[in-house]
Amino acid sequence: PLEKGNRDLTQEVLDKLDSKQSPLQTSDDFPDVSQSEIKAALDRLASRSMLVYETKDSEQVQLTGEGEQIANEGSHEYKVWAAVHKEGKLALKELPSKVGADSAKVGQGNAFKLKWIKKYGDQLVPLVDSPEDTTRKALQGVQATKTLSDSKQLADFKKRKLVVVTKIIHYTVQKGPKYAKEIPVEVTDITPEMLESGSWQTANFKPYNFAAKGAVQNAGALHPLNKVREEFRKIFFHQGFVEMPTARYVDSGFWNFDALFVPQQHPARDLQDTFYVSDPAFADEPRADPAADAALDAMESDAQLYDPKTKIHDASKLDYAQYYKNVRETHQDGKYGSIGYRYPFADAETKRLVLRTHTTAVSTYCLHRLAANPRPCRYFSIDRVFRNETVDATHLAEFHQVEGVIADYDLTLGGLMAFLEAFFAKLGIFNLRFKPAYNPYTEPSMEVFGFHKGLGKWVEIGNSGMFRPEMLEPMGLPKDLRVYGFGLSLERPTMIKYAVSNIRDLLGHKVDLNFIESNAAVRLDKD
Ligand code: PHE
């Protein structure tokens, strides 16, 4: 095969080795070939033992633009002298117009120092007839040989930016034990015919090139959101959280709202905010989801947080009909010490199918399930939610929530704040601020703010709170088992980490696949 530009460099090297007695010097014998090209050719031949070569590196002195100019036209001081000499005498202020401003400035002083000219009043007069322009001569030498042996002069030229010294790599090349005038025909495959005829025994096999770099593989790539999601999952798993099964984008009003003590008239339940499913429009009564139960059982036993002999979850202990009744009564009439909302609770509303508006619908399902065997536990989820929002550069009608819930006896709000501080510190966000907020299902509720160094301001990074007894007690959880939770979007940290300012560059049909493929993984705790 021919090398780049139709030039068969390997053949040229073989020819030169044949015609030359002494070793080749690639810098002399192939001055116009790049180092990588000549090395590739040498490696091909060396791998066949057709030649041996040694790598040498040496310094090369090269003229800068100014150095080149001096070599061609003379030094500044020479130009100054020549101008003065030509005129016999020259007014000082006329010098720049004769030799140019730069030469006048630099050359004048040097010409004085060398005693080529002197000042006579405001005139310059020549002192010598034919001075020797040693600077020019030395630079012409560099031009021809690319070397300069006088180290003092070299240092001086470097300082004056007339030359630069670069390292160059070249090779000395000699014939190897298997040298031939041409690369012999090489066999790349062994065939049945070769085996039959026995010709394989004498065939000249092409050597494997174990040093060759592999071709770039177009493998799949994780989407940036998934990369950040993995970081979050790691943080949760390290802190003893179990992942909740979130495979239900469509849920009922009961799990998304009612069970969370969201009143049926709440504006979040309006068509403007929530997507309702029209076909089918209604769910069954609230009941167990065997697939979700099996998934959570598996996650809990994988996590090995409990003694494997204890049955963590006994679904038969859960009475969904009773739970529904409790929720209904809490809303309509009040229960568990709460006066409730005191409105007529509509059963149809609980069955309406919605695209879940938050992953707290899943947390609620899992917390109710906890009533079968109440115990301290930590759950998290990261998945998609849907809201009927006006779409703009930072909002889509669907996004991902990162959510965690922690159940334990006698938890306090201070514990939640401490937890959130430790959690966000793992993401590299310190000094949180908490702002009182409102959620129908938590009291107290807090918005969480973090200082964004890049943006130089406080940004809202999450929502949190302690779940209300009106939500937990209908489930059958003991009064002193408190639960707090928090949620944040996955998109916001991802957009910050990958410096994406328009969400459509991250999700949807306008996404550049190249951007997805080429992005590195992230560390949330590193800027
Ligand atoms: N569901 C809340 C939201 O969508 C987040 C949250 C979860 C708040 C758990 C408190 C407790 O913003």
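Residues numbered from 1 in each chain as written. Predicted model: local features only at pLDDT ≥ 70, side-chain atom pairs only at ≥ 80, totals over all residues. Heavy atoms only, no water.

A few points about the overall build of the protein
Phase 1: Counting its secondary structure elements, the protein contains 20 helices and 15 strands.
Phase 2: Going through the 527 residues of the protein one by one, you find that 41% of them count as buried.
Phase 3: In the protein, of all internal contacts separated by at least 6 residues, the share reaching a separation of at least 24 is 71%.
Phase 4: Summed over all atoms, the accessible surface of the protein reaches about 28900 Å², with 52% contributed by carbon and sulfur. (Helix = DSSP H or I, 4+ residues; strand = E, 2+ residues; numbered from the N terminus. Buried < 20%, exposed > 50% of the residue type's maximum accessible area, 1.4 Å probe, protein only. Contact = heavy atoms within 4.5 Å. Areas by Shrake-Rupley, 256 points an atom, 1.4 Å probe, with all protein chains shown as cover.)

Describing the side chain of His266
Phase 1: Tracing the chain through its elements places His266 in the loop between helix 12 (253–256) and helix 13 (290–303).
Phase 2: Discounting residues that sit within four places of it in the chain, His266 has contacts with Tyr438 and Pro440.

With respect to the site of the ligand
Phase 1: For the ligand, the set of nearby residues contains 15 residues, the closest of which are Thr360, Arg387, Gln401, Tyr441 and Asn463.
Phase 2: The contact in question runs from a nitrogen atom of the ligand to an N or O atom on the side chain of His358, over 3.3 Å.
Phase 3: The separation between a nitrogen atom of the ligand and a polar side-chain atom of Thr360 is 2.7 Å.
Phase 4: About the coverage of the ligand: the protein hides 93% of its 330 Å² of free accessible area.
Phase 5: Considering every element that reaches the shell around the ligand, the biggest residue donor is strand 14 (residues 457–467), with 4 residues.
Phase 6: Split by residue class, the shell around the ligand holds 3 nonpolar, 10 polar and 2 charged. (Near = heavy atom within 4 Å. Polar contact = N/O pair within 3.5 Å; in protein donor to acceptor, adjacent residues only side chain to side chain. Nonpolar A, V, L, I, M, F, W, Y, C, P; charged D, E, K, R; others polar.)

Things to note about the packing of aromatic side chains
Phase 1: One pass over the full model with this rule turns up 29 aromatic pairs.
Phase 2: With 5.8 Å between their ring centres and 35° between their planes, Tyr208 and Phe210 make a pair best called tilted. For the pair Tyr208 and Phe210, one class covers both residues: exposed.
Phase 3: Ring plane angle 25° and centroid distance 5.9 Å describe the contact between Phe419 and Phe423, whose orientation is recorded as stacked. With Phe419 and Phe423 both in helix 17 (residues 413–425) and 4 residues apart, this pair spans about one turn of that helix. Each of the two residues, Phe419 as well as Phe423, counts as buried.
Phase 4: Following the ring pairs from residue to residue traces out a cluster consisting of Phe254, Trp255, Phe261, Tyr320, Tyr323, Tyr324, Tyr341, Tyr343, Phe345 and Tyr365. (Phe/Tyr/Trp six-rings, centres within 6.5 Å; stacked < 30°, edge-to-face > 60°.)

Some remarks on helix 3 (residues 35–46)
Phase 1: Taking 1.5 Å of rise per residue, 12 residues should cover 16 Å, and helix 3 covers 16 Å from first to last C-alpha, within 8% of that figure.
Phase 2: Among all positions of helix 3, only Ile38, Ala41, Leu42 and Leu45 are buried. Buried residues in helix 3, looked at end-on, bunch into an arc of 100°, giving them a common side.
Phase 3: For helix 3, the secondary structure elements touched by its buried residues are helix 1 (9–19), helix 2 (26–29), strand 2 (51–63) and strand 6 (163–175). (Expected span 1.5 Å × (residues − 1). Arc of directions from axis to C-beta.)

Looking at a nonpolar patch on the surface
Phase 1: There is a patch of nonpolar side chains on the surface, built from Ile190, Leu195, Trp200 and Phe205 and spanning about 390 Å² of accessible area.
Phase 2: Position of Leu195 among the secondary structure elements: in helix 10 (residues 192–197).
Phase 3: A relative accessible area of 51% places Leu195 in the exposed class. (Patch = residues over 30% accessible without salt bridge, like charges linked within 9 Å, V, L, I, M, F, W, Y side chains within 5 Å. Salt bridge = Lys/Arg side-chain N within 4 Å of Asp/Glu carboxyl O.)

Some points on the confidence of the model for the protein
Phase 1: Residues with a pLDDT of 70 or more make up 97% of the protein, whose mean pLDDT is 91.
Phase 2: Complex prediction metrics read pTM 0.63 and ipTM 0.96. (pLDDT = per-residue confidence, 0-100.)

Focus: the state of the cysteines
Phase 1: All chains considered together, the criterion is met by 0 disulfides.
Phase 2: Cysteine Cys366 remains unbridged, with the sulfur of Cys377 as its closest cysteine sulfur at 9.0 Å.
Phase 3: Residue Cys366 is classed as buried on the basis of its relative accessible area of 1%.
Phase 4: Here Cys377 falls in the buried class, since its relative accessible area comes to 6%. (Disulfide = S-S within 2.5 Å.)

Some thoughts on the packing of helix 5 (residues 76–87) against helix 7 (residues 101–113)
Phase 1: Close contact between helix 5 and helix 7 brings their axes to 7 Å; oriented N to C, the two are set at 85°. On the basis of their axis angle, the class for helix 5 and helix 7 is roughly perpendicular. Where helix 5 approaches helix 7, its residues His76, Glu77, Lys79 and Val80 are matched on the opposing element by Ser103, Ala104, Val106, Gly107, Gln108, Asn110 and Ala111.
Phase 2: Grouping the constituent residues of the contact of helix 5 with helix 7 by class yields 4 nonpolar, 5 polar and 2 charged. (Axes fitted to C-alpha atoms, helices over the stretch in contact; angles between N-to-C directions. Parallel < 35°, antiparallel > 145°, perpendicular 65-115°, else oblique.)

So, helix 8 (residues 134–145)
Think of an α-helix as 3.6 residues a turn; residues three or four steps apart then line up on the same face.
Phase 1: Taking 1.5 Å per residue, 12 residues should reach 16 Å; helix 8 reaches 16 Å between its end C-alpha atoms and fits that length.
Phase 2: Next to the buried residues of helix 8 lie strand 2, helix 4 (65–73), helix 5, helix 9 (151–159) and strand 6.
Phase 3: Downstream of helix 8 by a residue or two, Lys146 has a phi angle that is positive, lying close to 60°.

A few points about the sheet that holds strand 14
Phase 1: Strands sit in the order 7-10-11-15-14-13-12 across an open sheet of 7 strands; the sheet is mixed. Strands at the two margins of the open sheet, each flanked by one partner only, are strand 7 (242–243) and strand 12 (433–439).
Phase 2: Note: strand 14 against strand 15 (residues 481–489), 4 bridges, orientation antiparallel. From the neighbouring strand, Ser464 faces strand 15, where its bridge partner is Phe486.
Phase 3: The strands touched by helix 17 within the sheet are strand 10 (377–386), strand 11 (398–409), strand 12, strand 13 (442–452), strand 14 and strand 15, with strand 15 carrying the most contacts at an inclination of about 35°. (Pairing = 2+ DSSP bridges.)

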